[in-house]
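Per-entry structural report
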Amino acid sequence: MSYQTLLTHLDNGIFTITINRPDKLNALNKQVFTDLDAAVDEVYNNADIKTAIITGAGPKAFVAGADITEFTGLNKDEAMALAKRGQDVFFKIENSKKPIIAAVNGFALGGGCELAMACHFRLCSENAKFGQPEVNLGLIPGYGGTQRLTQLVGKAKSMELQMTAHLIDATEALQSGLVNHVTTAETLLERTKDILNIIMSKAPIAISKIIECINIAVVSDSSFTNGKNGYDKEIQAFADCFITEDMKEGTAAFLEKRKANFTGK
Ligand code: COA
């Protein structure tokens, strides 16, 4: 299948999905979500695909976040639908029976960090930078970041990173448990494939059961908890922020390339 915003390539059981909007630092717009959803369906349904890699096009970014230009003019219900859509696609990645690994080749910010965290684990190149800078826009993460970052790096670090919008580099991401390995930019895909080749030499049913059991240890999606959990709370809180003056100011400031002036309204 071919996609508007993705490049895909299947080689010896490894399906590489490359988000391909390098001039916008691979920001996640509606079309990327449509394409990513369909590409993950391919992972689920194509028997020739044994494992997958998600990465970004270009030398600079994995994904620099949700596409901020699409935030303008959304009402609260539309903001909830936006967050729900992102969470659903990311749950599909997280619950894939076949391993899906992120190869983070630069900025992984906001929705980009959330996408990487929805993958089963992550490798990154030395130039990678991670963060949840939504607070700079008067917002919070909406695609699972409040939950998965906390699972991966712990409560205190997650609080600080999300409150300060501080970006961490590859070394700190490794120390924090956000990534498993750091490589050079040139060897990132090769190293990721080496690990996937080891995984593909094991029993596929056992691998799928490992994913299922480990996810039960850390994931609490709505199907388990009648819609009362952190992910649903995040959708509500994201939409609550969405209709504030500060969110309008924060996104306008980003688009106008100036510093935001927040007033608490
Ligand atoms: N949404 C939409 N467009 C984005 C984007 C996003 N999340 N991130 C980057 N872009 C666009 C920029 O607007 C710019 O487009 P232009 O050339 O048409 O002006 C292009 O990608 C290149 O980005 P630029 O900001 O010029 O690169 P930089 O090297 O100066 O800065 C970042 C890189 C990642 C620090 C900066 O782009 C950034 O802060 N992005 C937003 C991060 C964010 O807040 N993510 C969370 C969103 S919820």
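This is a predicted model, so every value here is computed, not measured.

**Description of the overall build of the protein chain**
Across its full length, the protein chain carries 11 helices and 10 strands. By the compact-globule yardstick of 18 Å for 265 residues, the protein chain fits well, its C-alpha radius of gyration being 18 Å. Burial status across the protein chain gives 49% buried among its 265 residues. In the protein chain, the proportion of contacts linking residues at least 24 apart, taken out of those at least 6 apart, comes to 73%.

**Thoughts on the site of the ligand**
Taken together, 17 residues lie near the ligand, and Lys24, Lys60, Ala66, Ile68 and Lys257 sit nearest. Taking alanine 66, its main chain carries an N or O atom lying 2.9 Å from a nitrogen atom of the ligand. Within the complex, the protein chains bury 69% of what would otherwise be the 870 Å² of accessible surface of the ligand. Residue composition of the shell around the ligand, by class: 10 nonpolar, 1 polar and 6 charged.

**A few points about helix H2 (residues 76-94)**
Taking 1.5 Å as the rise per residue, H2 with 19 residues should run 27 Å; its terminal C-alpha atoms sit 27 Å apart, in good agreement. Within the sequence span of H2, burial applies to Ala79, Leu82, Ala83, Gly86, Gln87, Val89, Phe90, Phe91, Ile93 and Glu94. Measuring from the backbone nitrogen of aspartate 77 back to the side-chain oxygen at the start of H2 gives 3.1 Å, which picks out asparagine 75 as the cap.

**Considering the side chain of threonine 18**
Within the secondary structure, threonine 18 sits in strand E2 (residues 14-19). Other than its neighbours up to four places away in sequence, threonine 18 contacts Thr5, Leu6, Leu7, Thr55, Gly56 and Ala57.

**Topic: the sheet that holds strand E3 (residues 51-56)**
Taken in spatial order, the 6 strands of this open sheet run E1-E2-E3-E5-E7-E10, and their pairing is mixed. Only two strands of the sheet have a single partner each, and these edge strands are strand E1 (6-11) and strand E10 (181-183). Taking the axes of each pair of neighbouring strands and ignoring which way they run, one obtains an average angle of 20° across the sheet.

**Observations concerning the pattern of salt bridges**
For the structure on display, the rule yields 11 salt bridges. The shortest N-O distance in the salt bridge between arginine 21 and aspartate 67 comes to 3.0 Å. Here aspartate 67 lies in the loop between strand E4 (61-63) and H2 and arginine 21 lies in the loop between E2 and helix H1 (30-45), a separation of 46 residues in the sequence. Of the two residues, arginine 21 and aspartate 67, neither departs from the other in class, the shared state being buried. For lysine 76, the salt bridge goes to aspartate 240, with nearest N and O atoms at 2.7 Å. Linking lysine 76 in helix H2 with aspartate 240 in helix H10 (residues 230-242), this pair joins segments that are 164 residues apart in sequence. Lysine 76 gets classed as partly exposed once you look at its relative accessible area, which sits at 28%. Each member of the salt-bridge network shares a partner with another, and the members are Asp37, Asp41, Arg85 and Lys92.

**Observations concerning the packing of aromatic side chains**
Under the defined criterion, the tally for this structure stands at 7 aromatic pairs. Note on phenylalanine 90 and tyrosine 143: the rings are 5.7 Å apart at their centroids and 85° apart in plane angle, and the pair reads as edge-to-face. Within this pair, whereas phenylalanine 90 is found in helix H2, its partner tyrosine 143 is found in the loop between strand E8 (129-131) and helix H4 (145-153), the two being separated by 53 residues in sequence. Each member of the aromatic cluster is reached from another via a ring pair, and the members are Phe33, Phe90 and Tyr143. Above the ring of phenylalanine 91, the side-chain terminus of arginine 148 is found at 5.2 Å from the ring centroid.

**Considerations on the sheet that holds strand E6 (residues 107-109)**
Strand pairing within a sheet occurs via backbone hydrogen bonds; the two strands may be parallel or antiparallel. On the basis of which strands lie adjacent, the open sheet formed by 4 strands has the order E4-E6-E8-E9 and mixed pairing. Lying at the two open borders of the sheet, with one neighbouring strand each, are E4 and strand E9 (168-169). Relative to E6, E4 runs parallel, the two being bridged by 2 bridges. Each residue of the ladder has a partner; that of alanine 61, found in E6, is phenylalanine 107.

**Notes on the domain arrangement of the protein chain**
With domains assigned, the protein chain is organised as domain 1 (6-200) and domain 2 (204-255). The straight-line distance from the C-alpha centre of domain 1 to that of domain 2 is 14 Å. With 36 residues of domain 1 in contact, the opposing surface of domain 2 contributes 27 residues. Between domain 1 and domain 2 lies a buried interface of about 2,700 Å² when both sides are counted; carbon and sulfur atoms form 70% of it. In this structure, the connection of domain 1 to domain 2 is made through 1 salt bridge. Linking domain 1 with domain 2 are 11 residue pairs in polar contact (both at pLDDT 80 or more), by the criterion used here. Those elements that provide at least two residues to the side of domain 1 that touches domain 2 are H2 and H4.

About the criteria used
- Residues numbered from 1 in each chain as written.
- Predicted model: local features only at pLDDT ≥ 70, side-chain atom pairs only at ≥ 80, totals over all residues.
- Heavy atoms only, no water.
- Helix = DSSP H or I, 4+ residues; strand = E, 2+ residues; numbered from the N terminus.
- Rg over C-alpha atoms; globule rule 2.2 N^0.38 Å.
- Buried < 20%, exposed > 50% of the residue type's maximum accessible area, 1.4 Å probe, protein only.
- Contact = heavy atoms within 4.5 Å.
- Near = heavy atom within 4 Å.
- Polar contact = N/O pair within 3.5 Å; in protein donor to acceptor, adjacent residues only side chain to side chain.
- Areas by Shrake-Rupley, 256 points an atom, 1.4 Å probe, with all protein chains shown as cover.
- Nonpolar A, V, L, I, M, F, W, Y, C, P; charged D, E, K, R; others polar.
- Expected span 1.5 Å × (residues − 1).
- Pairing = 2+ DSSP bridges.
- Axes fitted to C-alpha atoms, helices over the stretch in contact; angles between N-to-C directions.
- Salt bridge = Lys/Arg side-chain N within 4 Å of Asp/Glu carboxyl O.
- Phe/Tyr/Trp six-rings, centres within 6.5 Å; stacked < 30°, edge-to-face > 60°.
- Lys NZ or Arg CZ within 6 Å of the ring centre and 35° of its normal.
- Domains from an automatic or database assignment.
- Buried area = accessible area lost by both parts, 1.4 Å probe.

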